[in-house]
Amino acid sequence: MRKLIDKPQQPPVFQSKTVGSNKQHESAERHVTGKARYIDDLPEPAGLLHAAVSMSMAAKGKILSKDTTAIRNSEGVCDVITTDDIPGHVDIAPVFDGDPILADKQVLFHRQPWCAVLATSVNLARKAALKGTLEVESETPELDIHSAHLKQNFVRPTHAMQQGDYESAANAAEHLISGEVSIGGQEHMYLEGQIALAIPEEEDRITIYTSSQHPSEVQKLVAEVLDIKLHKVTVDMRRMGGGFGGKETQAAQWACIAAVLAMRNQRPVKLRVPRMQDMMLTGKRHPFDNSFTVATDDNGLIKATQARINGLCGHSADLSEAIVDRAMFHCDNAYYLADADIVGYRCRTDTVSHTAFRGFGGPQGMVLAEAMIEAIARKTGEDPLTIRQRNLYGGEGRNTTQYGMTIEHFNLPDLIEKLVQSSDYWQRREDIKQFNQNNLVLKKGLSLTPVKFGISFTAKHLNQAGALVHVYTDGSVQVNHGGTEMGQGLHTKIQQIAANEFGLDTDFIEVTATRTDKVPNTSPTAASSGTDINGKAVQNACLVIKQRLAEFWAEQQSGASEEVQFRDGVVSLGEAKIPFPDLVQLAYMNRVSLSSTGFYKTPKIHYDRNTGKGRPFFYFANGASVSEVTVDTLTGEYKVDRVDILHDVGASLNPAIDIGQIEGGFIQGMGWLTTEELLWDEQGRLLSNNAATYKIPAIGDTPAIFNVDLYPHPNEEDSIYHSKAVGEPPLMLAMSVWCALKDAVSSLTDYKVDPKLDPPATAEKVLKAIQQLPEEAFTCEVLGR
Amino acid sequence: MISFMLNDELVHISKIDNNCTVLEWLRENQSLCGTKEGCGSGDCGACTVVLAELNDSQNGLEYRAINSCITFLSALDGKQLITVEHLADGNALHPVQQAMVDKHGSQCGFCTPGFVMPMFSLYKTRESQEQSSPTAELNRHQIDNALSGNLCRCTGYRPIIDAALDACEAPSADKFSANSTATIENLKALPQNSGTDGLHLPDSRAALADLLVKYPQARLVAGSTDLALEVTQQYKQLPQLISTRYVPELNRIEEKEQELVIGAAVTYSKLQDKLLHYYPELEELLARLGSLPIRNQGTLGGNVANASPIGDTPPVLLALNAQLTLDNGEQQRTIPVAEFFLDYKKTTLKKGEWLSDIRIPLPQEKATTEGCLRAYKISKRFEDDISAVCAVFNITLEQGVVKSLATGFGGVAAVPAVCSALEQAVTGKAWNLDTMKQGKAILADAFTPIDDVRASAQYRKTMLVNLWQRFWLESNNQTQAELRVIQHA
């Protein structure tokens, strides 16, 4: 640069507070005007071709032949590939083997893609893809989790966690209660479906635009399938139209297929998966079948716990090892399990391979915990809230988890007490009893459930992050980091963090698309860790630059660098003040580096899978919710009337975004536990395969009364500005809806019977729960049975 | 040729692909990528756009949200298509956009343009209502109704509801109000078109009849909310389309002394007020029939002629003893709706014949009788879901004795069905517990429904019995105790 850019005439106006403010989403105005670009909206590169996949109609069997002649002869078709045409790896599994880019020798699930078609338009590609013929020696698919378990048909070895001596403790206890709960899976239903755009560049490089939570993994897998080095592949990810875990591993396949087609043909290639295919071809939240035996004293205090946790993984491991682990880590939810014997199984079935979904197995473990509590409460006759409070962690000898981690800074008892007060729980309990006595058809239910969710990837090496921060000579700052924006407001929070560090307004901070050529070797944006780890990495990068500027300025002013302050757009040292852009220009002219990387690794964490002991989590995010429902005993239909939430995000970086995550997570969790029902037929075909048959919550499902508050308490651990992660934990707040439905059904027996109501609790299942109550247990007239 | 306005621009297209949807045209032909594809089947609303058209008196505009992914380009003829790119006035966001920003109504943002558009049509509708009744308060129910066709997977809807309340409570004039005179003139000046190669826009019975003879394989298209799925989901090609929208007989609503005549191509949104005037009991069912964008496009005639066993209106028409007029251009015949459905998706329509109108008898006030009509829908989700079971009961009582009962059921057989056994058994009986129980026994074995993705056969059977019991309770509900979890309106 020969001549510096003009400095701003007026020092910019600064908000007094960036971190902790309700700053709007960085793309909000682009969202509402339609200017925010998703991959399918990018201006099409010259010569763009479109890809589609052909799918197997059999669910399982040996592939006898693949005939693509009719596809090749279709209008507009330029190329067709099968696994024979993959230059490098055919297996694109993320951790363990078993996820072929296209079906190779075997068909592993119904509708598995086996060839990919390239054509001049999307429609021609899709139409041509229908014409492929795959001959399969068809076998009966294994779809049942119990049968897979009995046959020891597992995708990964079984893992156990033990604490104390379950057998003796259980034998010594007054009561033994057993139960089981079968938990449905969940379709992600991100509004933007899976998509990738691959553009061949010169020097044998390739650029991939992908809607992925894990650009670095896409980069690695693309390199592997192309048999080229990682440095030839650049992945760009500006924003996703929703991810929820569904684009952690499952986005890679489309990028890999597009990349192979792009390189073979030296043309840009876009592959957009239509909704129905997206639903049939990509993994979902794991269904689980869990059972328990819990030993209690006469007061319902847990003395010993045995849990058997079975995740239905589908045809391959994908991330199932860690997902079932997380279910095991969370089968205590917030309760002290005492002497415990926990075993987790990863059952293989011939369906699509299930994958990450907000909560990552944690929700399915926690549903088991709440099922135990409900069973204990109905047995003791006490209100489930009392049993919950009684069994919370805390007190002498009651603060160790089943995996040996000491619970510190446990704020749930206080948080729950505050929510009990603010939601008027006990008065409403009385009102509801009254209502139920007076209404023949409608019965209300009420429930308070807590959430304690462990924050960190349980795969330790993933708990690292990188950032790249540039300060330009006008004082503006460009930030890049390893996290991806999927709507959660990560870039907004990062912007706030960088602004806070430099004492600038957020207008000065531009967070750019996640790119593997800017920050390498990144972790997926998952495990709620996006802000925690990337925020710290960005902060560290900022600190490096600030340190250089401070030292430079201190030298100029003959002062001490540690006394230099960056605030309100001005850098000061004692009486000396200089606008930030001026200092930056001065530093540039004096050859001070204005760019830095930043790195962060989460401290304190470790877990030994051999012993099942450790401290896998840096800290816990906590919350609780109270839900009130009304059930129609004639039809099983119900309505969620009121929800009160108190949730702990530590010192909030952005309350508006955090509340948005809490509300959105709650409603998504409510959908999982209520109307979202995945159904497969006996041939392994997904029946609920589009938005017409798979029903996520609509606007009318949002409760009329929906009070959400943040629990004001900074994180005791040294997280970014003592905030707490917020992505996943609120999803599990929705357990109170499920428990309230059970409560309403249980009211028919004067709360003596714990009804069997496996989630998702559709109206049909609620009615079934009523009908299955023992005849003699009813304490009132029930019309619907 | 077809002619329409794209935002403020006049567009004439002389050669169009019949199978081209509005969404495809916007994104691929016009590079207007603000409108998104979420599902391609009218179930998520990411593709929602607004159509403005002249009102009945030709002096104002009506703004209706539709799903562009299941609307053929040909449906735009004579209208103004408004997309999300056009809402802002220069750099100033439209009030609905600004409210979405201020209330944090977007997270991933992909569904957002689709929410902004129906919110804009609510804004415009309220603006025009405000002139007639300025104090009408905007409530949650109206917002749910306006946004019933939009799914958001991120927010949980609360901030979106707040944004709609904020922006649409008291709308002020926007740039569309300022331009309305010009827009009205532009729309009036659009030519009368007859279509293109594969698309026909007949404007009379005779022309329609001729086309059906000339193109025996052609498909009739009204709202296209079902037909378009053959293109977007099954990748079929529809070479010849005949639109029903300009045939006068198909587009009228006529109130006669004894009956309400509804042209087969009249949309739900347009017939709603008239129908609910006579049968307010049907409000819940109509509010839950698809979503607002679907009701803005879909037609009663389409729902009937489609002959799906899970359509929401055939059970109603059965229980109201409606008649259908079938036409072939030369002859018209009128049949009871029950005679229309022959088998799964098979009707009594002959070659060259079409459904012309639906005739609904008007309720007859008589001093000596009282009646009760209820239409029940069971589905997994309340908004925008297809019935697992639909049950309609229409009873007339004279001094506590059943004078007549008419029924209609959906989702329990291959065709929309009635239960004659039940109707006959209770007629002449006292409307008491015994009669109700007798009815339960009959309904328990009246049908053999199937298991499918929406419900099990057993649940469907149970619902028939329990909904009958609910009907009895509601018809006798002296205490007005709450009996339903959903209370529409």
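So, how was this worked out
- Residue numbers run consecutively from 1 along every chain, following the written order of its sequence.
- Labels follow written order: the first chain is A, the first ligand is 1, and so on.
- Local features in this predicted model are restricted to residues of pLDDT 70 or higher, and side-chain atom pairs are both shown and tallied only at a pLDDT of 80 or more, whereas totals for entire chains, interfaces and linings draw on every residue.
- Here the side-chain values reflect all heavy atoms present in the structure, with hydrogen atoms and water set aside.
- We count a stretch as a helix when DSSP gives it H or I for four or more residues in a row; a strand needs E for two or more, and each element gets its number in order from the N terminus.
- Atoms counted for the radius of gyration: C-alpha only. Globule rule: 2.2 Å times the number of residues to the power 0.38.
- Any two residues having at least one pair of non-hydrogen atoms within 4.5 Å are treated as being in contact.
- Using a 1.4 Å probe, accessible areas were evaluated by the Shrake-Rupley method; residue-level cover was limited to the displayed protein chains.
- Only four residue types enter the charge count, namely Lys and Arg as positive and Asp and Glu as negative; His and the chain termini do not.
- Lys charges are placed at NZ, Arg charges at CZ, Asp charges at CG and Glu charges at CD.
- Salt bridge, as applied in this entry: a Lys or Arg side-chain nitrogen positioned within 4 Å of an Asp or Glu carboxyl oxygen.
- A 1.4 Å probe rolled over the protein chains alone gives each residue an accessible area, and that area as a share of the maximum for its type sets the label: buried under 20%, exposed over 50%, partly exposed in between.
- Buried area adds together the accessible area that both of two parts lose upon being put together, with accessible area traced by a 1.4 Å probe.
- Two N or O atoms form a polar contact when they lie within 3.5 Å of each other; inside protein one atom must be a possible hydrogen donor and the other a possible acceptor, and for residues adjacent in sequence the pair counts only when both atoms belong to side chains.
- Domain start and stop points were drawn from an automatic or database domain assignment.
- Two strands qualify as a pair provided DSSP detects at least 2 bridges between them.
- The angle between two axes is taken between their N-to-C directions and runs from 0 to 180 degrees, where each axis is a line fitted to C-alpha atoms and a helix contributes only its stretch in contact.
- The scheme is simple: roughly parallel for angles under 35 degrees, roughly antiparallel for over 145, roughly perpendicular for 65 to 115, oblique for anything else.
- Left-handed is the label given to a crossing in which the near helix is rotated counterclockwise from the far helix by less than a right angle, and right-handed is the label when the rotation is clockwise.
- Polar here means any residue other than Ala, Val, Leu, Ile, Met, Phe, Trp, Tyr, Cys and Pro, which are nonpolar, and Asp, Glu, Lys and Arg, which are charged; Gly is therefore polar.
- UniProt positions are given in the numbering used here, feature names are shortened, and annotations may be inferred rather than shown by experiment.

Chain B carries the name Xanthine dehydrogenase small subunit in an unreviewed UniProt entry, which gives Planctobacterium marinum as its organism.

Under an unreviewed UniProt entry, the name given to chain A is Xanthine dehydrogenase molybdopterin binding subunit, and the organism recorded is Planctobacterium marinum.

**Q** Which parts of the structure should I look at to understand the overall build of chain A?
**A** Counting its secondary structure elements, chain A contains 19 helices and 29 strands. Scaling as 2.2 N^0.38, a compact globule of 785 residues should have a C-alpha radius of gyration of about 28 Å, and chain A matches this with 28 Å. The contacts in chain A between residues at least 6 apart in sequence include a share of 80% that link residues at least 24 apart. Of the roughly 26200 Å² that chain A leaves accessible, carbon and sulfur atoms contribute 47%. Separation between the mean location of the 77 positive side-chain charges and that of the 99 negative ones in chain A comes to 3 Å.

**Q** I tried to follow the pattern of salt bridges on my own but got confused; where do I start?
**A** Should their charged atoms come close, side chains of opposite charge can pair. Within the structure shown, the criterion is met by 77 salt bridges over all chains. The salt bridge involving D79 of chain A is made with R264 of chain A; its shortest N-O contact spans 2.7 Å. In this pair, D79 of chain A sits in strand β3 (residues 77–81) while R264 of chain A sits in helix α7 (residues 252–265), placing the two residues 185 residues apart along the sequence. Among the salt bridges present, the one from K380 of chain B reaches E677 of chain A, with a minimum N-O distance of 2.9 Å. Taken as a pair, K380 of chain B in the loop between β16 (369–378) and β17 (389–398) and E677 of chain A in the loop between α17 (655–673) and β29 (705–710) lie in two separate chains rather than in one. Assessed through its relative accessible area of 17%, K380 of chain B is described here as buried. For E677 of chain A, a relative accessible area of 14% gives the class buried. The network of salt bridges with shared partners includes D40, D41, E44, K270 and R272 of chain A together with R27, K36 and E37 of chain B.

**Q** Just to check I follow, could you spell out the interface of chain A and chain B for this structure?
**A** At the junction of the two partners, chain A supplies 84 residues and chain B supplies 74 residues. Contact between chain A and chain B buries roughly 6500 Å² in total, counting both sides, with carbon and sulfur atoms accounting for 58%. A per-residue breakdown of the area chain A buries against chain B is headed by V32, L191 and I699 of chain A, which together make up 13% of the total. Seen at the junction of chain A and chain B, the total is nine salt bridges. D41 of chain A is the salt-bridge partner of K36 of chain B, the closest N and O atoms lying 2.5 Å from each other. Viewed at the interface, chain B and chain A are joined by 33 residue pairs in polar contact (both at pLDDT 80 or more).

**Q** Explanation requested: the side chain of Q97 of chain B in the structure shown.
**A** Inspection of the secondary structure puts Q97 of chain B in helix α2 (residues 95–102). The class of Q97 of chain B is buried, set by a relative accessible area of 0%. In this view, Q97 of chain B contacts V32 and T33 of chain A together with V84, L87, A88 and V116 of chain B; residues no more than four positions away in its chain are not counted.

**Q** Sorry, what's going on with the domain arrangement of chain B here?
**A** Interfaces are frequently sized by the accessible area removed from exposure as the parts join. Per the domain assignment, the segments of chain B are domain 1 (2–189) and domain 2 (370–487). Using C-alpha coordinates to define each centre, domain 1 of chain B is positioned 38 Å away from domain 2 of chain B.

**Q** Whenever I open this one, the sheet that holds strand β4 (residues 61–67) of chain B confuses me. Can you help?
**A** Through backbone hydrogen bonds, the strands of a sheet pair up, either in parallel or in antiparallel fashion. Residues and elements named next belong to chain B. Reading across the sheet, the five strands line up as β2-β1-β5-β3-β4 and stay open at both edges, with mixed pairing between neighbours. Looking at strand neighbours, the two that pair on one side only are β2 (9–13) and β4, the edges of this open sheet. Averaged over neighbouring strand pairs, the angle between their axes works out to 30 degrees when direction is ignored. Pairing of strand β1 (residues 2–6) with β2, which is carried by five bridges, proceeds in the antiparallel orientation. When the bridges of β2 are listed, S3 appears paired with H12.

**Q** Whenever I open this one, the packing of helix α10 (residues 362–380) of chain A against helix α18 (residues 735–746) of chain A confuses me. Can you help?
**A** All names here are of chain A. Look at α10 against α18: their axes get within 11 Å of each other, and the N-to-C directions meet at 25 degrees. As the angle between them shows, α10 and α18 are arranged roughly parallel. When the axes of α10 and α18 are compared, the crossing they make is right-handed. Contacts between α10 and α18 involve M366, V367, E370, A371, E374 and R378 from the first element and M735, W738, C739, K742, D743 and S746 from the second. Tallied by class, residues from the contact of α10 with α18 come to six nonpolar, one polar and five charged.

**Q** Which parts of the structure should I look at to understand the UniProt feature "domain: Aldehyde oxidase/xanthine dehydrogenase a/b hammerhead" (unreviewed entry) in chain A?
**A** Residues annotated in UniProt with the feature "domain: Aldehyde oxidase/xanthine dehydrogenase a/b hammerhead" (unreviewed entry) correspond here to residues 33–140 of chain A. The annotated region residues 33–140 of chain A carries 12% helix and 31% strand content, and the separation between its end C-alpha atoms amounts to 50 Å.

**Q** Which parts of the structure should I look at to understand the domain arrangement of chain A?
**A** Residue and element names in this part refer to chain A. Each domain of chain A was delimited in the assignment, giving domain 1 (28–36 + 464–601), domain 2 (39–140 + 188–281) and domain 3 (288–458 + 609–777). For domain 1 versus domain 3, the distance between C-alpha centres works out to 39 Å. Listed per partner, the contact involves 22 residues of domain 1 and 21 residues of domain 3. Interface area, domain 1 with domain 3, both sides summed: about 1500 Å², of which 57% is carbon and sulfur. Sorting the residues of domain 1 by area buried against domain 3 places K493, S528 and D532 first, and these three jointly supply 37% of that buried surface.

**Q** Looking at this model, I keep getting lost on the sheet that holds strand β13 (residues 288–296) of chain A. Mind explaining?
**A** All names here are of chain A. The five strands lie next to each other as β7-β15-β14-β13-β8, forming an open sheet whose pairing is mixed. A single partner strand is all that each edge strand has here, and the edge strands are β7 (154–163) and β8 (175–183). The sheet shows a mean angle of 10 degrees between the axes of neighbouring strands, direction not considered. Pairing of strand β14 (residues 302–314) with strand β15 (residues 339–348), which is carried by ten bridges, proceeds in the parallel orientation. Looking at the pairing, R308 lines up with V343 of β15. Seen against the sheet, α10 touches β8, β13 and β14 and runs at an angle of roughly 40 degrees to β13.

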